[in-house]
Amino acid sequence: MGDVKFGILTVSTSCHENPAKDLAGPKLATATAEAFPSSRITFKMIVTDSFPEIVNALKLATQPNVCDVLFTVGGTGFAPSDVTPEATRAVIEKEATGLSCALIAKSLAITDMAMLSRPACGIKNRTIIVNFPGSAKAAVECFGFIKTSILHAVALLNEQTDNVKWEHQRIQQESKVKLGSGGFLKRKSPFPMLEVDTALDLIRHQVAPIEESEEIAIENAATRILAEDIKAPHPIPSFPASIKDGYAVRQSDGMGRRRIRAAVAAGDVPDSEELQPGEIIRISTGAPVPAGADAVVQVEDTQLLETSETGDEDLVEILVAPKIGQDIRPIGSDIQAQSVVLKQHASITPAYIGVLAMLGISRVKVIKRPAIGIISTGNELVSFKGPLKPGLIYDSNKVMLLTLLKSFGYIADDCGIAKDTPNSSKSILENALKAHNFIISTGGVSMGEFDFLKQVLVEDFGAQVHFGRVNMKPGKPTVFATLNFEGKSKIVFALPGNPVSCFVTTLLFVLPTLKYLENDQQFIGWPTVDAILEEGIRSSDARPEYVRVIVSRNEQNTLICKSTGKQISSRLTSTVDANGLLLLPGRAAFEAGESHPVYLFGSIF
Ligand SMILES: Nc1nc2c(c(=O)[nH]1)N[C@H]1C(S)=C(S)[C@@H](COP(=O)(O)OP(=O)(O)OC[C@H]3O[C@@H](n4cnc5c(N)ncnc54)[C@H](O)[C@@H]3O)O[C@H]1N2
Ligand code: MOO
Ligand SMILES: [Mg+2]
């Protein structure tokens with residue numbers, strides 16, 4: 001069994017409004033980490049006392065691989081708003097009655113008030129759900145009652161018969177913590193390590209798609225998301241139009257010799273005088289078909305017999321009998337008037353812009369985009385436009401991210417470079433927050449003494465850090481936070497400073513979040529293909545690795561991929577020619593010929 005994954009779901013309307021009030025959740029997290037040092041908290045969420053919200057959160061937490069054990073805290077009492085056990089029963093597939101009984105029996109031994117607790121425990125997929133009361137003291141106490149059996153339960157649920165080994169390992173780890181210095185725990189990141197998919201789910205749970213729209217000129221609308229259905233104000237074509245260069249005829253006249261009455265070209269006003277039997281009109285592609293004509297005969301199916309004194313065509317033989325409607329685009333045959341031609345929440349492409357122009361629509365309503373500000377952090381950084389001094393490096397992250405976002409149509413602003421001090425980080429962030437509601441920073445988020453970003457976000461801006469570590473390479477210290485600034489809600493991605501890490505996390509977290517905020521119905525994640533490894537790859541880290549690769553096709557037309565070389569996250573040249581991120585599970589050797597998924601962020605051709 002690998003690390004056991006724990007989740008904590010706090011159910012409390014007041015904690016949801018002010019997360020600082022959630023005492024039980026963090027205390028339980030600490031108790032779990034102390035009891036099971038090699039465990040990880042992979043899910044943390046606060047929901048209101050609403051039944052559907054609890055059910056949704058339980059469903060999220062019990063998806064495969066999110067957590068092995070989910071503790072809920074709160075909502076188990078007798079108040080009308082206490083519905084956690086009911087929501088739990090609505091989700092679980094099997095009840096774990098023994099756990100509920102143990103919680104009640106052991107609590108009764110401490111206080112009669114335990115009679116008023118109604119915990120439900122059970123199993124959904126491979127997750128064990130346990131309801132704890134909302135008071136921090138009682139929740140931690142209850143955790144103490146079941147902790148001896150919980151790992152065994154996880155082992156059983158996962159059909160892991162060798163659970164004795166696991167139990168030994170746990171006891172050994174417990175004794176290590178007791179023997180070790182207090183410093184060991186302090187040096188541990190307080191942030192649970194989330195899986196990438198859990199982190200993405202958490203983001204979607206914390207941000208809401210933007211509803212406000214703005215009207216813009218269609219010339220500027222490429223990549224924007226339509227805020228409304230577009231109906232055709234008039235049909236296309238708006239007059240019957242010829243598909244060929246040739247002659248407009250009456251089908252009933254059939255083959256034979258015809259005198260040319262007139263000629264119409266594209267752009268001419270339609271001839272209102274009805275075509276009479278035996279007459280034909282010379283016509284060009286796109287020109288209006290005259291009244292009375294019901295077919296066009298292409299010039300290749302005719303023969304010129306006579307010309308007039310002025311040299312114009314006069315008498316023509318129709319060599320092939322025409323059919324009704326032949327080579328004519330009837331009114332509305334491309335687009336019917338009043339039909340919905342473009343759908344709300346579609347991403348506008350150049351072809352969409354062509355259609356809008358075709359319909360004479362010069363401005364469209366699109367979903368407003370967040371105002372994005374980008375900050376770099378680090379005493380070592382200077383602008384690439386100036387000279388370099390010893391010990392300093394050029395700030396390459398900011399211009400890379402500005403242009404990466406621009407390549408997807410997002411305009412972001414340069415909000416400067418923060419020094420590695422809380423004051424500088426605070427003032428640069430404050431300025432950025434004044435004009436932007438979506439902040440991306442790079443650097444200052446790992447374990448160093450100068451990594452102040454999270455501290456400043458929480459202490460100076462009251463931010464809620466939803467996650468601070470992700471089980472991925474590169475990108476482990478990625479931070480996602482939300483905060484309220486001057487009455488407005490803001491989103492912050494504090495990305496790792498290593499150039500490859502911030503590039504990859506922008507692809508995997510920032511861009512999908514922007515697409516989600518805009519309600520882009522066409523973006524459902526990066527397209528993924530399975531590709532064959534051209535060469536073996538060795539992964540040295542326990543984290544799942546996103547290897548920069550070049551995807552191409554071999555002679556058999558099979559998709560193959562090749563690593564761009566050394567994958568250290570400072571080596572940005574490993575990213576320049578890559579068109580894909582090969583996802584490899586951590587710490588293993590992968591042989592040439594194996595097939596693995598690749599996220600395609602660039603073109604194969
Ligand atoms: N004790 C630990 N140290 C580190 C851990 C850890 O878990 N424990 N994680 C490592 C990982 S993984 C990463 S990724 C980095 C992330 O560090 P930070 O986000 O705090 O970034 P910095 O330390 O500020 O910078 C890292 C690296 O990147 C260079 N950098 C930063 N900004 C820019 C920029 N705008 N342009 C170009 N290069 C930049 C910076 O000079 C550093 O070399 O932490 C590990 N450490
Ligand atoms: O996660 Mo860090 O991004 O390995 O380099
Ligand atoms: Mg730094």
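None of the values given here were measured: they were computed from a predicted structure.

S.K.: How should I be thinking about the site of ligand 1 in this particular structure?
M.R.: Glu-380, Asp-395, Ser-446, Lys-476 and Gly-497 are the nearest of the 24 residues found near ligand 1. Within the backbone of Gly-444, an N or O atom sits 3.0 Å from an oxygen atom of ligand 1. Put simply, the parts of the chain that give the shell around ligand 1 at least two residues each are strand 20 (372-377), strand 22 (393-394) and helix 14 (499-517).

S.K.: What exactly am I supposed to notice about the pairing of strand 14 (residues 295-298) here?
M.R.: Moving residue by residue along a regular strand, the side chains alternate between the two faces of the sheet. Burial along strand 14 is two-sided: Ala-295 and Val-297 facing one way and Val-296 and Gln-298 facing the other are all buried. Bridging between strand 11 (residues 246-249) and strand 14 involves four bridges; their strand directions are antiparallel. Bridging from a neighbouring strand, Val-249 pairs with Ala-295 of strand 14.

S.K.: What is the right way to look at the pairing of strand 16 (residues 313-318) in this model?
M.R.: Pairing between strand 12 (residues 256-264) and strand 16: four bridges, direction antiparallel. Within strand 16, the residue paired with Arg-257 across the bridge is Glu-317. As defined by bridge partners, strand 15 (residues 302-307) adjoins strand 16 across five bridges and the pair is classed as antiparallel. Note on strand 16: the bridge partner recorded for Thr-302 is Ile-318. In this antiparallel pair of consecutive strands, strand 15 and strand 16, the connection spans five residues, and Gly-311 shows a positive phi of 90°.

S.K.: Would you explain unusual backbone geometry in this entry?
M.R.: Across residues other than glycine, the phi torsion is negative in most instances, and most of the peptide bonds are trans. Ile-236 connects to Pro-237 through a cis peptide bond whose omega is -5°. At the junction of Lys-473 and Pro-474, the peptide bond is cis and its omega measures out at 0° in the coordinates. Here Pro-474 is to be found in the loop between strand 26 (469-470) and strand 27 (479-485). Of note, the phi angle at Asn-65 is positive, near 70°, even though the residue is not glycine.

S.K.: How should the packing of helix 9 (residues 196-206) against helix 14 be read in this particular structure?
M.R.: Packed helices, taken two at a time, are described by the angle between their axes plus the distance between the axes. In the contact formed by helix 9 and helix 14, the axes pass within 11 Å of each other and the chain directions differ by 30°. On the basis of their axis angle, the class for helix 9 and helix 14 is roughly parallel. Read as a crossing pair, helix 9 and helix 14 show a hand that is right-handed. Contacts from Val-196, Ala-199, Leu-200, Ile-203 and Arg-204 in helix 9 reach Leu-508, Phe-509, Pro-512, Thr-513 and Tyr-516 in helix 14. Class assignment for the residues of the contact of helix 9 with helix 14 results in eight nonpolar, one polar and one charged.

S.K.: Before we go on, may I ask you to explain the confidence of the model for the chain in this structure?
M.R.: Detailed reading of the predicted model is not advised wherever pLDDT is low. Scored by pLDDT, the chain comes out at a mean of 91, with 95% of its residues at no less than 70. Segment residues 162-186: pLDDT under 50, and 19 contacts once partners within four positions in sequence are set aside and those in other chains are kept. Note on the complex model: pTM 0.72, ipTM 0.98.

S.K.: What is the right way to read the site of ligand 2 from this model?
M.R.: The local shell around ligand 2 consists of Pro-474, Gly-475, Lys-476, Pro-477, Asn-498, Ser-501, Arg-543 and Ser-569. A distance of 2.5 Å separates an oxygen atom of ligand 2 from a polar side-chain atom of Ser-501. Within the contact set of ligand 2, an oxygen atom lies 2.3 Å away from a side-chain nitrogen or oxygen of Ser-569. Classifying every residue of the shell around ligand 2 gives two nonpolar, four polar and two charged.

S.K.: In this structure, what is going on with the sheet that holds strand 4 (residues 94-95)? I would like to understand it.
M.R.: Strand pairs in the sheet, formed through backbone hydrogen bonds, run parallel or antiparallel to each other. In spatial order, the strands read 2-1-3-6-5-4; together these six strands make up an open sheet with mixed pairing. Each edge of the open sheet is held by one strand with a lone partner, namely strand 2 (40-47) and strand 4. In terms of strand pairing, strand 3 (residues 69-73) meets strand 6 (residues 127-132) through five bridges, oriented parallel. From the neighbouring strand, Val-73 faces strand 6, where its bridge partner is Phe-132. Together, strand 1 (5-11), strand 2, strand 3 and strand 6 form the strand contacts of helix 3 (residues 51-61), whose direction differs from that of strand 2 by roughly 165°.

S.K.: Teacher, can you tell me more about the UniProt feature "domain: MoaB/Mog" (unreviewed entry) in the chain here?
M.R.: According to UniProt, the feature "domain: MoaB/Mog" (unreviewed entry) maps to residues 7-153 and 373-516 in the numbering used here. Annotation note: span residues 7-153, helix share 45%, strand share 20%, distance between end C-alpha atoms 15 Å.

S.K.: Even after reading the chapter, I still don't get the environment of Ile-439, so can you show me in this structure?
M.R.: In this fold, Ile-439 is placed in strand 24 (residues 438-442). Here Ile-439 falls in the buried class, since its relative accessible area comes to 0%. Considering only alpha carbons, one finds Ile-439 and Lys-385, 54 residues apart in sequence, at a separation of 23 Å. Among residues more than four places away in sequence, those in contact with Ile-439 are Gly-373, Ile-375, Leu-429, Ala-432, Leu-433, Ile-491, Val-492 and Phe-493.

S.K.: For this particular structure, what's the right way to read the packing of aromatic side chains?
M.R.: Counting across every chain of the model gives 14 aromatic pairs. Centroid distance Phe-467 to Phe-480: 5.7 Å. Interplanar angle 35°. Geometry classified as tilted. Note that Phe-467 is positioned in strand 25 (residues 464-467) and Phe-480 in strand 27, a separation of 13 residues in sequence. On the basis of relative accessible area, Phe-467 is assigned to the buried category, the value being 2%. Plain terms: the ring middles of Phe-503 and Phe-601 are 5.9 Å apart, the flat faces sit at 70° to each other, and that makes the pair edge-to-face. Here Phe-503 is found in helix 14, whereas its partner Phe-601 is found in the segment after strand 35 (595-600), with 98 residues between them in sequence.

What counts, and where the lines are drawn
Residues numbered from 1 in each chain as written. Chains lettered and ligands numbered in written order. Predicted model: local features only at pLDDT ≥ 70, side-chain atom pairs only at ≥ 80, totals over all residues. Heavy atoms only, no water. Near = heavy atom within 4 Å. Polar contact = N/O pair within 3.5 Å; in protein donor to acceptor, adjacent residues only side chain to side chain. Helix = DSSP H or I, 4+ residues; strand = E, 2+ residues; numbered from the N terminus. Buried < 20%, exposed > 50% of the residue type's maximum accessible area, 1.4 Å probe, protein only. Pairing = 2+ DSSP bridges. Axes fitted to C-alpha atoms, helices over the stretch in contact; angles between N-to-C directions. Parallel < 35°, antiparallel > 145°, perpendicular 65-115°, else oblique. Left-handed = near helix turned anticlockwise from the far one by under 90°. Contact = heavy atoms within 4.5 Å. Nonpolar A, V, L, I, M, F, W, Y, C, P; charged D, E, K, R; others polar. pLDDT = per-residue confidence, 0-100. UniProt positions renumbered as here; feature names shortened; annotations may be inferred. Phe/Tyr/Trp six-rings, centres within 6.5 Å; stacked < 30°, edge-to-face > 60°.

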